[in-house]
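A closer look at the structure
So the chains spell out like this:
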Amino acid sequence: MTLQYSYSFFRGAALCGVALLSFFACSSASSDIAANENPATGGGNISGDPVEVWLTKGDQSIKLQQQSAAYFTSSSATGTTIDVDGSQVYQTVDGFGYTLTGGSVAVINQLSASKKQELLNDLFSSSGIGISYLRISIGASDLNSEVFTYNDVLSGQTDPTLSQFSLMKDQALVQMLKDILVINPNIKILATPWTAPVWMKDNGNSIGGSLKTEYYGTYAQYFVKYIQAMQLQGIRIDAITPQNEPLHPGNNPSMYMTAANQATFIKTYLGPAFQAANLSTKIIAYDHNCDNIVYPISILNDTAANPYVDGSAFHLYAGDISALGNVHNLFPNKNVYFTEQWTSSVGTFSGDLDWHVKNVIIGSMRNWSKTALEWNVANDASFGPHTTGGCTQCKGAVTVNSASNYEKNVAYYIIAHASKFVPVNSQRIASTEADNLSTVAFKTPTGKTVLIVQNGNAGNKAFNIKYNQKTAPVTISGNSTATYIF
């Protein structure tokens, strides 16, 4: 991740105003209204189709809690309206999730067996938040306690036949992936290296440097060996990117890779190597910030590299999320993916909830992304572990405080508002935006419609959800996220 950037700046029982509700029904609801400050939902004739409502408030008084239902009515609506149109369809969704770093694995493994299982079930089961997509590092990322690759040799030595290739240093990660696959056998996995083995690099260092030309073919085989080794462990790698943040050589570990070098690596070595090994694993280019679309475009414009490339991946530590849509519009037959954004230890819950839901969830999806991924799953109370020179402020979705205690942070709720309700192979459909209400809508494989709304206003906002000529009046709290299912 690019450490110089931080984007920390960046409803609710139903109203008891429906005349036909009995006195006792209103009395029963009154305690909920008091507790939830009555801003979440409301309206519509209760004989109409219901709208399920889940809410997270920026002030943290409500976090991913189901609210009283709203209802569709045939009555004409006035005021702000969000129009959801199921006839306009866009991309299908591969999933929502995080990067499962080696550090995340280490701290989750500090939990007691029962507490660890509780957390994994919460994160990955359909009864929890249903994470459907994971990114992992090939070798160490900067959120490991130490730097390693799968083919480290003594200083001054090389291993061009990769005879010393081994997953041994990542056995804890491999085992946790196996545990996760028991819970969700269909989870998709994207794998990304932070660096090649240092003996393949021109500076012989884990920080920066570039892949030596003479090792392009060897490095391609490194990927092949990795995918095959994971497959033997029962772990299918759905996709890889050739390099995490190829234009950020200052991290530990990291490696610099120009667009021209990546195109050459893909078209001459990596793509043919996958083809020869009969691997179906996707190759996704770039995997860096939205401020430089020239990089992925140049690879997609390369007629020899293009056939091997499934699409492009992006982060948002610089640039604008619309970059994904711009690349899609130029190459509509290629996919775009949003693969990383970190929340900071110095950020605020409200500010991060607002910015990340608007950009990472809603913004990426409205710009054709097939995934929306936050950064690491878990950390300890000191925002570790990390390598020397690695991220010291990265705040995971979960903080593990002891063997018996963990707490859920803002990134948990950012992803949960999508992952819990929008399963794999859902399809984005059209939704309008108005009055600082950011929105994205989906049709799920079972035919449900899901609308995610972020209220960027400080105060509560009343609006109508319009679908199939019917409207459901609702109210969303200020600086809050709501997911509506109908």
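In short, a report on the structure. Since this is a predicted model, take the numbers as computed values, not measurements.

**With respect to the packing of aromatic side chains**
- Tallying each qualifying case throughout the model produces 24 aromatic pairs.
- Judged by centre distance (5.6 Å) and plane angle (10°), the rings of Tyr-150 and Tyr-226 are stacked. Taken together, the residues span a long stretch of sequence, with Tyr-150 in the loop between strand S5 (133-138) and helix H4 (171-183) and Tyr-226 in helix H5 (residues 216-232) at a distance of 76 residues. In terms of burial, Tyr-150 and Tyr-226 fall into one category: buried.
- Members of the aromatic cluster, joined through ring pairs, are Phe-148, Tyr-150, Phe-165, Tyr-216, Tyr-219, Tyr-222, Phe-223, Tyr-226, Phe-265 and Tyr-269.
- Directly above the ring of Tyr-90 sits Arg-428, whose terminal nitrogen or CZ lies 3.9 Å from the centroid.
- The ring of Trp-368 has Arg-428 lying over it, and the distance from NZ or CZ to the ring centre is 5.5 Å.

**A word on the sheet that holds strand S6 (residues 188-193)**
- Here 8 strands make up a closed barrel; going around it, the order is S4-S5-S6-S7-S8-S9-S10-S12 and the pairing parallel.
- Sheet topology note: the strand S7 (residues 239-240)/strand S8 (residues 282-290) ladder contains 2 bridges and is parallel. Within S8, the position partnered with Ile-240 by the bridge is Ile-283.
- Its contacts with the sheet put helix H9 (residues 349-366) on strand S4 (95-99), strand S9 (309-319), strand S10 (335-340) and strand S12 (369-376), and the angle it makes with S12 is roughly 150°.
- In the packing of helix H10 (residues 410-419) onto the sheet, the strands contacted are S4 and S12, and the crossing angle to S4 comes to about 160°.

**As for the pattern of salt bridges**
- Under the defined criterion, the tally for this structure stands at 15 salt bridges.
- Where Glu-340 meets Arg-135, a salt bridge forms, and the shortest distance between an N and an O atom there is 2.8 Å. Taken together, the residues Glu-340 in strand S10 and Arg-135 in strand S5 connect sequence positions 205 residues apart.
- On the basis of relative accessible area, Glu-340 is assigned to the buried category, the value being 0%.
- On the basis of relative accessibility, which here comes to 0%, the residue Arg-135 falls in the buried class.
- When the shortest N-O distance is used, the salt bridge between Arg-236 and Asp-238 registers 3.0 Å.

**Quick notes on the pairing of S4**
- Most of S4 is tucked away, with 5 of its 5 residues classed as buried.
- Judged from the 4 bridges that link them, S4 and S12 form a sheet pairing that is parallel. Residue pairing across strands places Phe-96 opposite Ala-372, the latter belonging to S12.
- Judged from the 3 bridges that link them, S4 and S5 form a sheet pairing that is parallel. Note that in S5 the partner of Tyr-98 across the bridge is Leu-134.

**Comments concerning the state of the cysteines**
- Taken as a whole and judged by the stated rule, the model has 1 disulfide.
- A sulfur-sulfur separation of 2.1 Å characterises the disulfide bridge that pairs Cys-391 with Cys-394. Here the disulfide of Cys-391 and Cys-394 is right-handed, its torsion about the S-S bond being about 100°. Grouping residues by exposure puts Cys-391 and Cys-394 together as buried.
- Residue Cys-290 stays outside any disulfide, its sulfur separated by 18 Å from that of Cys-394, the closest cysteine.

**A closer look at unusual backbone geometry**
- Cis geometry marks the peptide bond from Asn-252 to Pro-253, where omega comes out at 0°.
- Considering the arrangement of structural elements, one finds Pro-253 in the loop between S7 and helix H6 (259-276).
- Each neighbour pair has its own omega, and for Gly-384 with Pro-385 the value is 0°, a cis peptide bond.
- Checked against the element boundaries, Pro-385 lands in the loop between strand S13 (378-380) and strand S14 (394-395).
- You will see that Asp-287, though not glycine, has its phi angle at about 70°, which is positive.
- By the secondary structure assignment, Asp-287 is in strand S8.
- When its relative accessible area of 0% is taken as the criterion, Asp-287 is described as buried.
- Here Trp-368, not a glycine, exhibits a phi torsion of approximately 80°, which is positive.
- Residue placement: Trp-368 occurs in the loop between H9 and S12.
- Of the residues examined, Trp-368 reaches a relative accessible area of 25% and is grouped as partly exposed.

**A closer look at helix H8 (residues 322-330)**
- The complete set of buried residues in H8 reads Ala-323, Leu-324, Gly-325, Val-327 and His-328.
- On its buried face, H8 is in contact with S8, helix H7 (294-301), S9, S10, H9 and S12.

Conventions and cut-offs
Residues numbered from 1 in each chain as written. Predicted model: local features only at pLDDT ≥ 70, side-chain atom pairs only at ≥ 80, totals over all residues. Heavy atoms only, no water. Phe/Tyr/Trp six-rings, centres within 6.5 Å; stacked < 30°, edge-to-face > 60°. Helix = DSSP H or I, 4+ residues; strand = E, 2+ residues; numbered from the N terminus. Buried < 20%, exposed > 50% of the residue type's maximum accessible area, 1.4 Å probe, protein only. Lys NZ or Arg CZ within 6 Å of the ring centre and 35° of its normal. Pairing = 2+ DSSP bridges. Contact = heavy atoms within 4.5 Å. Axes fitted to C-alpha atoms, helices over the stretch in contact; angles between N-to-C directions. Salt bridge = Lys/Arg side-chain N within 4 Å of Asp/Glu carboxyl O. Disulfide = S-S within 2.5 Å.

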